[in-house]
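Structural overview for review
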Amino acid sequence: MMPQPPTVSERQARAMARAIITHHFGSKPKRVSQKGGGLTNFVYEANHAEGDFIVRMGPQPSKVKEYLKEQWAMARAQEVGVPVPEVLEVGADVVPVPYMVSRKAAGSDATHHPERMAVLREMGRLMALIHTIPTSGFGHTFDWSSNQLSRKETWAEYLRRELHIEQRLKVLERNRMLSKPQLTALHATLREIESLEEDPVLNHGDMRLKNVLVNDMGSITAVIDWEFCSSNVAPYWDLALALHDLSIDAKQAFLGGYGVSEKEVRAMAPIVKALNIINYAPFVERAAEEKDEPQLEQYRTRFSGALDLYSL
């Protein structure tokens, strides 16, 4: 049986954030305030004489690996011109849980910024820069880690052994998410995807408006939340995640910033759609386990194409 992570209350987490800052800067912070998180993840802003810092903590012991991965990815992204927070420390020794300390980046999240279209174009441009960073292996264990047994050397191996693509297909089929013709087409596209031979590059994994900070003018000051970054094919993987909840105009703004032609967009659409559908499988499975039929019906409507008003 796997050991259970320690249960941490908000009060304990705040005390640990204070202890981390005190340990690394030699004096207590002026103020520590919670910025988000929950029972399994805590985020605090610490105001100190040395500056303002963000402390993230996770009770799961494996969280330290995620923090190390993020640290590696942000350092590489900064090298190619992507603005990111400066990570100062990743550890698991000062307090009983893994933690990451970074300087607080200026700006606020771009979700409701009035210049959203300009922000999305810039996000597309920055994603293209991220995709110039070569990596080795596929999935979440790549250059940042020296581990070998968990590394997936091919794209097809990643799809089968880490993404569990066959199991995800069964979830969609079992819950009648797709019609028979759609399932046939999806299987065909996934076979095409398995044969992709592009070299892996760094992918952000969640390049959405909520994960970029902007100033009042709409300039991006930092790309944040690299928790889901991976070594993957590009641009398909990142686009499937970045575009799925955007409007048509917003999608085109993002893609314009990325630098793909309209013809290229049309050519890659089947692959991006297939990956998006596959990525929905865990949410479908959760709704099925909870017997949430209204949510399942909403998913069926999405997958049917009924909400796509531009194609027949």
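These notes cover the structure that comes with them. What you are looking at is a predicted structure, and each value in this text was computed from that prediction instead of being measured.

Scoring rules and cut-offs
Residues numbered from 1 in each chain as written. Predicted model: local features only at pLDDT ≥ 70, side-chain atom pairs only at ≥ 80, totals over all residues. Heavy atoms only, no water. Phe/Tyr/Trp six-rings, centres within 6.5 Å; stacked < 30°, edge-to-face > 60°. Helix = DSSP H or I, 4+ residues; strand = E, 2+ residues; numbered from the N terminus. Buried < 20%, exposed > 50% of the residue type's maximum accessible area, 1.4 Å probe, protein only. Lys NZ or Arg CZ within 6 Å of the ring centre and 35° of its normal. Patch = residues over 30% accessible without salt bridge, like charges linked within 9 Å, V, L, I, M, F, W, Y side chains within 5 Å. Areas by Shrake-Rupley, 256 points an atom, 1.4 Å probe, with all protein chains shown as cover. Salt bridge = Lys/Arg side-chain N within 4 Å of Asp/Glu carboxyl O. Contact = heavy atoms within 4.5 Å. Pairing = 2+ DSSP bridges. Axes fitted to C-alpha atoms, helices over the stretch in contact; angles between N-to-C directions. Parallel < 35°, antiparallel > 145°, perpendicular 65-115°, else oblique. Nonpolar A, V, L, I, M, F, W, Y, C, P; charged D, E, K, R; others polar.

Comments concerning the packing of aromatic side chains
The full count for this structure, using the stated rule, is nine aromatic pairs. With a centroid separation of 5.6 Å and 70 degrees between ring planes, the pair formed by Tyr280 and Tyr299 is classed as edge-to-face. Residue Tyr280 is found in helix α9 (residues 262–289), and its partner Tyr299 is found in helix α10 (residues 293–304); the two are separated by 19 residues along the sequence. Here the two residues Tyr280 and Tyr299 agree in accessibility, since each one is buried. Grouped by ring-pair contacts, the aromatic residues Phe138, Trp155, Tyr158 and Trp237 constitute a single cluster. One cation-aromatic arrangement involves Arg76 over Trp72; the distance from NZ or CZ to the ring centre is 5.2 Å.

Things to note about a nonpolar patch on the surface
Among the surface-exposed residues, Ile248, Leu309 and Tyr310 lie close enough to one another that they form a single nonpolar patch of about 400 Å² accessible area. If you trace the backbone, Tyr310 turns up in the segment after α10.

A closer look at the pattern of salt bridges
Across all of its chains, the model carries 17 salt bridges by this definition. Glu86 is paired through a salt bridge with Arg103; the nearest N and O atoms lie 3.1 Å apart. Placement of the pair is Glu86 in the loop between α2 (63–79) and β4 (87–91) and Arg103 in strand β5 (residues 99–103), with a sequence separation of 17 residues. Owing to a relative accessible area of 35%, Arg103 belongs among the partly exposed residues under this scheme. Because the salt bridges share partners, they merge into one network encompassing Asp206, Arg208, Lys210 and Asp245.

Considering the environment of Val212
Relative to the helices and strands, Val212 is located in strand β8 (residues 212–214). With relative accessibility at 0%, the residue Val212 sits in the buried group. Between the C-alpha atom of Val212 and that of Leu120, which follows or precedes it by 92 residues, the distance is 9.8 Å. When residues no more than four places from it in sequence are discounted, the contact partners of Val212 are Ser108, Asp109, Ala110, Val119, Met123, Met207, Ile220, Ala222, Val223 and Ile224.

A look at helix α7 (residues 236–243)
α7 sits mainly inside the fold: eight of its eight residues count as buried. Taken together, the buried positions of α7 are occupied by Tyr236, Trp237, Asp238, Leu239, Ala240, Leu241, Ala242 and Leu243. Contacts from the buried residues of α7 go to α3 (116–130), α4 (155–161), β7 (201–203), β10 (230–232), α8 (248–258) and α9.

Re the sheet that holds strand β6 (residues 108–109)
Strand order in the open sheet formed by three strands is β6-β8-β9, with antiparallel pairing between adjacent strands. The open sheet has two edge strands with one neighbour each: β6 and β9 (220–223). The pairing of β6 with β8 spans two bridges and is classified as antiparallel. By the bridge assignment, Asp109 is partnered in β8 with Leu213.

Brief notes about the environment of Leu172
Structurally, Leu172 is set in helix α5 (residues 165–174). Each C-alpha atom of the pair Leu172 and Leu183 lies 8.9 Å from the other, and the pair is eleven residues apart in sequence. Not counting residues up to four positions away in its chain, the partners in contact with Leu172 are Met177, Leu178, Leu186, Ile277, Ile278, Ala281, Val284 and Phe303.

Observations concerning the packing of helix α6 (residues 180–194) against α9
Relative to each other, α6 and α9 sit at 105 degrees, their axes nearing to 10 Å. When the interaxial angle is binned, α6 and α9 end up roughly perpendicular. On α9, the residues touching Leu186, Thr189, Leu190, Glu192 and Ile193 of α6 are Pro270, Ile271, Ala274, Leu275, Ile277 and Ile278. For the contact of α6 with α9, the class distribution of residues is nine nonpolar, one polar and one charged.

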